[in-house]
2 protein chains.
Amino acid sequence: MTLDRRSGCPINLSLEVFGDRWSLIILRDMIFGGRRHFRELLNGSMEGIASNILADRLKRLMELGMLTKADDPSHKQKAIYSLTEMAITLVPILAHLGAWGRVWLPTTEELSIRAELLEKGGPPLWDKFMDELRHEHLGAPLDATTGPSVRATLQAAYETVVAGKALGANPAA
Amino acid sequence: MTLDRRSGCPINLSLEVFGDRWSLIILRDMIFGGRRHFRELLNGSMEGIASNILADRLKRLMELGMLTKADDPSHKQKAIYSLTEMAITLVPILAHLGAWGRVWLPTTEELSIRAELLEKGGPPLWDKFMDELRHEHLGAPLDATTGPSVRATLQAAYETVVAGKALGANPAA
DNA sequence: CAGACTGATTGCATTTTGAAATCAGTTGCA
DNA sequence: TGCAACTGATTTCAAAATGCAATCAGTCTG
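Each value, and the rule that gives it
- Residues numbered from 1 in each chain as written.
- Chains lettered and ligands numbered in written order.
- Predicted model: local features only at pLDDT ≥ 70, side-chain atom pairs only at ≥ 80, totals over all residues.
- Heavy atoms only, no water.
- Least-squares fit on C-alpha atoms with pLDDT ≥ 70 in both.
- Contact = heavy atoms within 4.5 Å.
- Buried < 20%, exposed > 50% of the residue type's maximum accessible area, 1.4 Å probe, protein only.
- Helix = DSSP H or I, 4+ residues; strand = E, 2+ residues; numbered from the N terminus.
- Pairing = 2+ DSSP bridges.
- Buried area = accessible area lost by both parts, 1.4 Å probe.
- Salt bridge = Lys/Arg side-chain N within 4 Å of Asp/Glu carboxyl O.
- Polar contact = N/O pair within 3.5 Å; in protein donor to acceptor, adjacent residues only side chain to side chain.
- Nonpolar A, V, L, I, M, F, W, Y, C, P; charged D, E, K, R; others polar.
- Near = heavy atom within 4 Å.
- Domains from an automatic or database assignment.
- Axes fitted to C-alpha atoms, helices over the stretch in contact; angles between N-to-C directions.
- Parallel < 35°, antiparallel > 145°, perpendicular 65-115°, else oblique.
- Phe/Tyr/Trp six-rings, centres within 6.5 Å; stacked < 30°, edge-to-face > 60°.
- Lys NZ or Arg CZ within 6 Å of the ring centre and 35° of its normal.
- 1 Å grid on protein atoms, 1.4 Å probe; cavity = no way out; pocket = protein on both sides within 12 Å on 5 of 7 lines; lining within 4 Å.
- Points joined across faces, edges and corners; volume = space filled by probe spheres on them.

## Let's talk about the relation of the copies chain B and chain A
Turning to step 1, where the next piece is worked out: Of the transformation superimposing chain B on chain A, the axial component is 0.0 Å and the angular component is 180°, with the fit at an RMSD of 0.0 Å. Put plainly, the chains are arranged around a two-fold axis.
Turning to step 2, where the next piece is worked out: Most of the interface of chain B is mirrored in chain A: 98% of its interface residues are interface residues there too.

## Some words on the pairing of strand β2 (residues 79-83) of chain A
Residues and elements named next belong to chain A.
Turning to step 1, where the next piece is worked out: Most of β2 sits out of view: four of its five residues are buried.
Turning to step 2, where the next piece is worked out: Looking at chain direction, strand β1 (residues 67-71) and β2 are connected through five bridges and run antiparallel. Counted as the bridge partner of Thr68 is Ser82 from β2.

## A word on the environment of B:Leu42
All names here are of chain B.
Turning to step 1, where the next piece is worked out: Topologically, Leu42 is positioned in helix α3 (residues 38-44).
Turning to step 2, where the next piece is worked out: Judged by its relative accessible area of 15%, Leu42 is buried.
Turning to step 3, where the next piece is worked out: Taking the C-alpha atoms as reference, Leu42 lies 27 Å from Pro148; in sequence the two are 106 residues apart.

## Brief notes about the interface of chain B and chain A
Turning to step 1, where the next piece is worked out: With 50 residues of chain B in contact, the opposing surface of chain A contributes 49 residues.
Turning to step 2, where the next piece is worked out: Taken together, both faces of the contact between chain B and chain A bury some 4300 Å²; the carbon and sulfur share is 72%.
Turning to step 3, where the next piece is worked out: Remark: the boundary between chain B and chain A carries zero salt bridges.
Turning to step 4, where the next piece is worked out: Linking chain B with chain A are 14 residue pairs in polar contact (both at pLDDT 80 or more), by the criterion used here.
Turning to step 5, where the next piece is worked out: Per-element accounting of the side of chain B that touches chain A gives the leading share, ten residues, to helix α6 (residues 91-104) of chain B.
Turning to step 6, where the next piece is worked out: Residues that form the side of chain B that touches chain A fall into these classes: 27 nonpolar, 13 polar and ten charged.

## Overview of the protein's contact with DNA strand D
Turning to step 1, where the next piece is worked out: The local shell around DNA strand D holds 23 residues, among which A:Arg39, A:Gln77, A:Tyr81, B:Trp22 and B:Asn52 are the closest.
Turning to step 2, where the next piece is worked out: Mapped onto the surface near DNA strand D, the elements with two or more residues apiece are α3 (38-44), α4 (51-63) and β2 of chain A together with α4 (51-63) and β2 (75-83) of chain B.
Turning to step 3, where the next piece is worked out: By residue number, the principal contributor to the surface near DNA strand D is α4(B), which donates four residues.

## Remarks on the domain arrangement of chain A
By a widespread convention, an interface's size corresponds to the accessible area lost as its parts come together.
All names here are of chain A.
Turning to step 1, where the next piece is worked out: As far as domains go, chain A holds domain 1 (10-86) and domain 2 (89-169).
Turning to step 2, where the next piece is worked out: Taking only C-alpha atoms into account, the centre of domain 1 sits 19 Å from that of domain 2.
Turning to step 3, where the next piece is worked out: Contact residues are listed per partner, giving 17 residues for domain 1 and 15 residues for domain 2.
Turning to step 4, where the next piece is worked out: Considering only the surface of domain 1 that becomes buried against domain 2, Ile31, Phe32 and Glu85 emerge as the three largest contributors, covering 47% of it.
Turning to step 5, where the next piece is worked out: Between Glu85 and Arg134 there is a salt bridge; the shortest N-O distance is 2.8 Å.
Turning to step 6, where the next piece is worked out: Where domain 1 packs against domain 2, one counts five residue pairs in polar contact (both at pLDDT 80 or more).
Turning to step 7, where the next piece is worked out: Of all the secondary-structure elements, those providing two or more residues to the side of domain 1 that touches domain 2 are α2 (23-33), β2 and α5 (85-88).

## Overview of the packing of helix α2 (residues 23-33) of chain B against α6(B)
Residues and elements named next belong to chain B.
Turning to step 1, where the next piece is worked out: Interaxial distance between α2 and α6 falls to 12 Å at its minimum, and their mutual angle equals 105°. Comparing the axis directions of α2 and α6 gives the class roughly perpendicular. Contacts from Leu24, Ile31 and Phe32 of α2 reach α6 at Val91, Leu94 and Leu97.
Turning to step 2, where the next piece is worked out: Considered class by class, the residues forming the contact of α2 with α6 number six nonpolar, no polar and no charged.

## Considerations on the packing of aromatic side chains
Turning to step 1, where the next piece is worked out: Taken as a whole, this structure holds four aromatic pairs over all chains when the rule is applied.
Turning to step 2, where the next piece is worked out: Taking the centre distance of 5.5 Å and the plane angle of 45° together, the rings of B:Phe32 and B:Phe129 count as tilted. Of this pair, B:Phe32 sits in helix α2 while B:Phe129 sits in helix α7 (residues 109-138), placing them 97 residues apart in sequence. By the burial criterion, B:Phe32 is buried, and B:Phe129 matches it.
Turning to step 3, where the next piece is worked out: A cation over an aromatic ring shows up here: A:Arg6 above the ring of B:Trp22, its NZ or CZ 4.3 Å from the ring centre.
Turning to step 4, where the next piece is worked out: Sitting over the face of the ring of A:Tyr158, A:Arg114 holds its NZ or CZ atom 4.6 Å from the ring centroid.

## Details of empty space enclosed by the protein
Turning to step 1, where the next piece is worked out: Applying the stated rule across the entire model yields one cavity of 30 Å³ or more.
Turning to step 2, where the next piece is worked out: Its volume calculated, the largest cavity comes out at about 90 Å³.
Turning to step 3, where the next piece is worked out: A:Leu15, A:Phe18, A:Gly19, A:Leu24, A:Ile93, A:Leu97, B:Leu15, B:Phe18, B:Gly19, B:Leu24, B:Ile93 and B:Leu97 together form the lining of the largest cavity.
Turning to step 4, where the next piece is worked out: Those elements that place two or more of their residues in the lining of the largest cavity are α1 (10-18) and α6 (91-104) of chain A together with α1 (10-18) and α6 of chain B.
Turning to step 5, where the next piece is worked out: Of the residues belonging to the lining of the largest cavity, the class tally is ten nonpolar, two polar and no charged.

In structure tokens:
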């Protein structure tokens, strides 16, 4: 995980930032999972990231300007990681990645419902989501948005699918 | 470069397909550079890919269903690689990646002009480009598009910038 | 037939990854 | 006070991936 600068091509440079198997997973968990602490990212990671890899990637993402770190007042050793604007503007890319993966790869139903809603919502929904992230992570004022947060909506949909599948597997319930 | 299947999340699965430093570079060169042969990809690669890595990734991309390989009638040992629909639908993702990189990373002017035009053209231009790629790689009929191909347009813009920079550096020319 | 060209493969040193154990400081609770 | 649980990491070490250079066998050209 070095910073090569192999060429000045935008696609190449983007790949050098998150062209590995973990950086985008961490950002995904922060963006969609709302995780802000090392332990949350470590234990909550569906893919089972190792602690040394997580520490390395957090450090690297900070050096790249995608994350910042602040002390958590509640615990002297606790750190809160925040997304920068640079990371928040990845939302459309993540939405497209999810949409593409949903079409072409063997995704599971409950894990792809979020991608489906994000795709259906399109740029207006992505903008609303990015605005909420700016509020959470950068302290920006929230402009008059209505209803539940995008993350809560996506999470609720996920839980509905999970509940529905449990019901389907056990109709007597 | 194994096929982990760490989770059924669409973003994770997408990363397992091209979450490395070379796969998307190869696809970029095929899509935007029109390269179809091993040697073209090897020698034309701006980032200097090694031949063993290229062979490995071509094989992997075929296994994943992103590429197909056919004999070139002009030379019994020559192979022509073609994009599948799965790979062609990456165009919007590449466009977004390029747009993001252009904003946040130290791209060079001549290498980012393509990304800029692709961003400005938006989904209609991406659709036209994908249609052209389907024609080239899948033999699909080209619906009545007008004017020069998207790739030629992007290439011309690139060359204009290069020429302009040379002029700027040497006004007497 | 000589030499260039085709898509690779091989060997080997270096780098990256990943899993488990461990670390030192902090906190909550008995 | 004492002690277990928790904090963000770091250490260790084997395995895997990478990158470079040399090489390969078959094919075409002059």
